[in-house]
Amino acid sequence: MAGALLATTALPAIAADLIIDETPIEVWPVTISSTGFYVGAHAGPTIVGLEYDPDFDPPEVYQFAKPSLTAGVAFGWDTMLGSNLVGGVELRYDLFSAAFTPFDPDDDLFRFHDTISATGKLGYLVAPGTQVYGVLGFGSAGFEAPEGFADWVNGRAIGLVAGVGAETRLTDQLSANVDLRYFSALDSFTTADGVSFLPRYLAVTAGLKYRFDDGLGHMTAEPEQIDFDFTGPNVSLSALAVAASMERINIVTPGADVGPFWSEGVGIGIGLGYDFDIGNGWVIGATANLDYTPLVFDDAAGNGGLVDAPTKFATVDTVISAGVRLGVKTNPSTLVYGKAGIAGINTHADEEFFALDGGGSALLPAVQFGLGVETAIADQVTLGVEGNYTAATSPLVTDNTQLDQIELWPTLLTGKVTLKYHF
């Protein structure tokens, strides 16, 4: 109002001396806008699943699992679709070394080798240089399966690929990302013997990407970054995707399968934490989480091989964990971190499956390791993508009277998308 009054009362000579500000709109550099080509490498834990149909009568379809590691490379291109929206395409190769031995540890049933996938990507820049994204596309899985008396046949299966991730800049052209990716073949591969195999997996990988500057910077004013203070208590709510493996030890029946067996599911989690910003961009904190995901493990052969025998032999429903995390801020509002701690896996053995009603339940002690990216989306709210690997350190021993009690050993791989409120 004061400016308007001065403009209407100033003398013409003074008005002639006024200088118009012609400063151009500030360019948001391409190194922040995620426009252009990139190449990357990644590695991390995975649990590979296998649906196995041996063509028996009556039918028996098994779900086996193999915890393993994966590593690979990716090539992609991103472009800005709006002030904060990112679109892209990616070609990715993942290498595996997963041999399934559910009946005999010296005799491979199936060997899973690799996947080649092509996906589209849609992301959102929650801060300059930091994006959260989803991917969806198709992949081709390579494997070997036995055929005949001693031969092996190579095969590939087309499947669906879906996932989420977070990426943040470390330098002008180098970025780090955490990626959760799920693959499932659409159709089984059948050998000449009539035996069918259908693979799937969940992988959690950490990687680095090198982005090339194509000169197509996003023309807009650079958004104001939140200088987020992570110090203080926090509460969180998470959406979960879980792949799990259950190994069964001390099976003495000749020819019986020991697994590991596969299960997958989705769930929800809550958490509490406290972080300290210790300076120079470093943050240390304590975490406690309760994750709920109902998981069921089946043995298609049942108990004693009877047609009407139960096949469900174990379940897992909750994981309780507590640990510490250490992270570094890649920009004023984004944290890349690793975490480690102890956990309890709530596990149940089905008494109807095991001999002499030998069921039982226990909160199994476990260790947990994780990594993630967390970034501010409001003054007190952060959004994060995290992966956790949880493995039991002691088994559930079934309650029956045989000399060698059967032991159940669960392992879980969990992907999380988390909203967190900081007080």
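Refer to the preceding data block for the structure.
Treat the numbers as computed from the prediction; the structure is a model and nothing was measured.

1. Topic: the environment of K121
With respect to the helices and strands, the residue K121 is situated in strand β4 (residues 110-127). Taking the C-alpha atoms as reference points, K121 and E90, 31 residues apart in sequence, are found 7.5 Å from one another. Setting aside residues up to four positions removed in sequence, K121 forms contacts with Y38, D78, V86, G87, G88, Q131, Y133, G134, V135, E167, K209 and R211. A polar atom in the side chain of K121 sits 2.9 Å from the side chain of D78.

2. So, a nonpolar patch on the surface
On the surface, L237, I268, I270, L290, Y292, I320 and L363 cluster together into a nonpolar patch covering about 650 Å² of accessible area. Elements supplying a minimum of two residues to the nonpolar patch: β11 (261-279) and β12 (282-298). Structurally, L363 can be placed in strand β15 (residues 360-376).

3. Some thoughts on the pattern of salt bridges
Following the criterion strictly, the structure yields 20 salt bridges and no others. Taking the shortest distance from any N to any O, the salt bridge between K121 and D78 comes out at 2.9 Å. Here D78 lies in strand β2 (residues 62-80) and K121 lies in strand β4, a separation of 43 residues in the sequence. Residue K121 shares its accessibility class with D78, and that shared class is buried. The partner of E264 in a salt bridge is R200, with the nearest N and O atoms 3.4 Å apart. Linking E264 in strand β11 with R200 in strand β9 (residues 196-211), this pair joins segments that are 64 residues apart in sequence.

Reading guide: rules and limits
- Residues numbered from 1 in each chain as written.
- Predicted model: local features only at pLDDT ≥ 70, side-chain atom pairs only at ≥ 80, totals over all residues.
- Heavy atoms only, no water.
- Helix = DSSP H or I, 4+ residues; strand = E, 2+ residues; numbered from the N terminus.
- Contact = heavy atoms within 4.5 Å.
- Polar contact = N/O pair within 3.5 Å; in protein donor to acceptor, adjacent residues only side chain to side chain.
- Patch = residues over 30% accessible without salt bridge, like charges linked within 9 Å, V, L, I, M, F, W, Y side chains within 5 Å.
- Areas by Shrake-Rupley, 256 points an atom, 1.4 Å probe, with all protein chains shown as cover.
- Salt bridge = Lys/Arg side-chain N within 4 Å of Asp/Glu carboxyl O.
- Buried < 20%, exposed > 50% of the residue type's maximum accessible area, 1.4 Å probe, protein only.

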